[in-house]
Amino acid sequence: LTAQILSGREAAAAVQSDVADRAERLAARGHNVGLATLLVGDDPASHVYVRNKHRAAAEAGIASFDRRLPESSSQNDVESLIRELNEDPAVHGIVVQLPLPPVLDGNLAVQAIDPTKDVDGLHPHNLGLLVLDQPGLRPATPSGIVRLLAHYNVEISEKLVLVMGRSFLVGRPLALMLGTKRFNATVIQAHSRTVDLAGLARSADILVAAVGRPGFVNAGYVKPGAVVVDVGINRTERGVVGDVDVESVGRVAGAVTPVPGGVGPMTIASLLENTVSAAERSGR
Ligand code: NAP
């Protein structure tokens, strides 16, 4: 491979040490920062994500509350628990681990979160502030991606970025964020109906793959020297792999983020950063 590997573990450690300092300053004034997660049902991947969030919170000196509900829970059970967390002064951030079991509505659950505690940045209020380019809690994965690029001094301003995927969790908010006056990228938002995706992708200086298909992006999608960000987390017989075929892409790209150890740790670091920001603003 000739591409540089942009490790998220190294960049996340830098963010987390800053978060830990801020949490300590709040604790010294009697405010212990708290993050609550809500996990509904038995999805094994969701259990791993929640465990990782609690571990990282503990390392940063953030108290965490691990709330769980059974698979059979009703929408009302979920929203009642969220309302309880909204009222709890020890909780500054609330994460509803998505996806919820199929009979439940994840969007409505997120809308039940107090927007000032919505540290995943997925409440319509916070997504609206992103559209308006006003301060607010930003979605964790897109924030993690821009931090990762900043850590390695990857220039975003005036670059052409193609974002593959338009989910409300990753692709759409990332495309919005990169196009703001803060980042000044020119953004192509691609999806499953995009015509000549490979051709468009080959024009991009920065290519972000958030499609959820193992090894989908190969060298045919990449302009020589481009920076390739792999958001995918796909469980396969070979273990966890991204959306990028690193063997192929690594010979053409200038830099590529690894999976695991790329965007994943940055997402958690950004979640903790949002939590400490929410606590600083709440004043309690
Ligand atoms: P999602 O909701 O399933 O969205 C996938 C997107 O990819 C959709 O917009 C879809 O287009 C598009 N797509 C699917 N097939 C395509 C194709 N052949 N060509 C072009 N676009 C295609 O997934 P998500 O929640 O955004 O997650 C994407 C991946 O990132 C998953 O592997 C997920 O596990 C991972 N992820 C990682 C992190 C992290 O922290 N690293 C966080 C969140 C998610 P349509 O809209 O047209 O269907």
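The rules behind each value
Residues numbered from 1 in each chain as written. Predicted model: local features only at pLDDT ≥ 70, side-chain atom pairs only at ≥ 80, totals over all residues. Heavy atoms only, no water. Salt bridge = Lys/Arg side-chain N within 4 Å of Asp/Glu carboxyl O. Helix = DSSP H or I, 4+ residues; strand = E, 2+ residues; numbered from the N terminus. Buried < 20%, exposed > 50% of the residue type's maximum accessible area, 1.4 Å probe, protein only. Axes fitted to C-alpha atoms, helices over the stretch in contact; angles between N-to-C directions. Parallel < 35°, antiparallel > 145°, perpendicular 65-115°, else oblique. Left-handed = near helix turned anticlockwise from the far one by under 90°. Contact = heavy atoms within 4.5 Å. Nonpolar A, V, L, I, M, F, W, Y, C, P; charged D, E, K, R; others polar. Pairing = 2+ DSSP bridges.

*Asks:* Looking at this structure, I do not really get the pattern of salt bridges. What am I missing?
*Replies:* Opposite charge on two side chains makes pairing possible when the charged atoms of those side chains draw close. The tally for this structure, following the rule as stated, stands at eight salt bridges. With a closest N to O distance of 2.6 Å, Glu273 and Arg22 form a salt bridge. Of the two residues, Glu273 sits in helix H10 (residues 263–282) while Arg22 sits in helix H1 (residues 8–28), which places them 251 residues apart along the sequence. For Glu273, a relative accessible area of 13% gives the class buried. Asp66 is the salt-bridge partner of Arg68, the closest N and O atoms lying 2.9 Å from each other. Of the residues examined, Arg68 reaches a relative accessible area of 43% and is grouped as partly exposed.

*Asks:* Would you explain the packing of helix H2 (residues 44–59) against H10 in this entry?
*Replies:* A pair of packed helices can be characterised by two numbers: the angle between their axes and the separation between those axes. Contact pair H2 / H10: the axes reach a minimum separation of 10 Å and the direction vectors enclose 55 degrees. In terms of orientation, H2 lies oblique with respect to H10. For the element pair H2 and H10, the recorded crossing hand is right-handed. Seen from H2, the contacting residues are Asn52, Lys53, Ala56 and Ala57; seen from H10, they are Ile268, Leu271 and Leu272. Of the residues in the contact of H2 with H10, the class split is five nonpolar, one polar and one charged.

*Asks:* Where do I start with the sheet that holds strand E4 (residues 93–96) in this structure?
*Replies:* Strand-to-strand pairing in sheets goes through backbone hydrogen bonds, with the strands running parallel or antiparallel. The three strands lie next to each other as E3-E2-E4, forming an open sheet whose pairing is parallel. This sheet does not close on itself; its edge strands, each paired only once, are strand E3 (63–69) and E4. Here the average twist between neighbouring strands, direction ignored, is 15 degrees. One ladder, built from four bridges, connects strand E2 (residues 34–40) with E4; its direction is parallel. Within the sheet, the bridge partner assigned to Leu38 lies in E4 and is Val96. Strand contacts of H2: E2, E3 and E4, with the helix running at about 160 degrees to E3, the strand carrying the most contacts.

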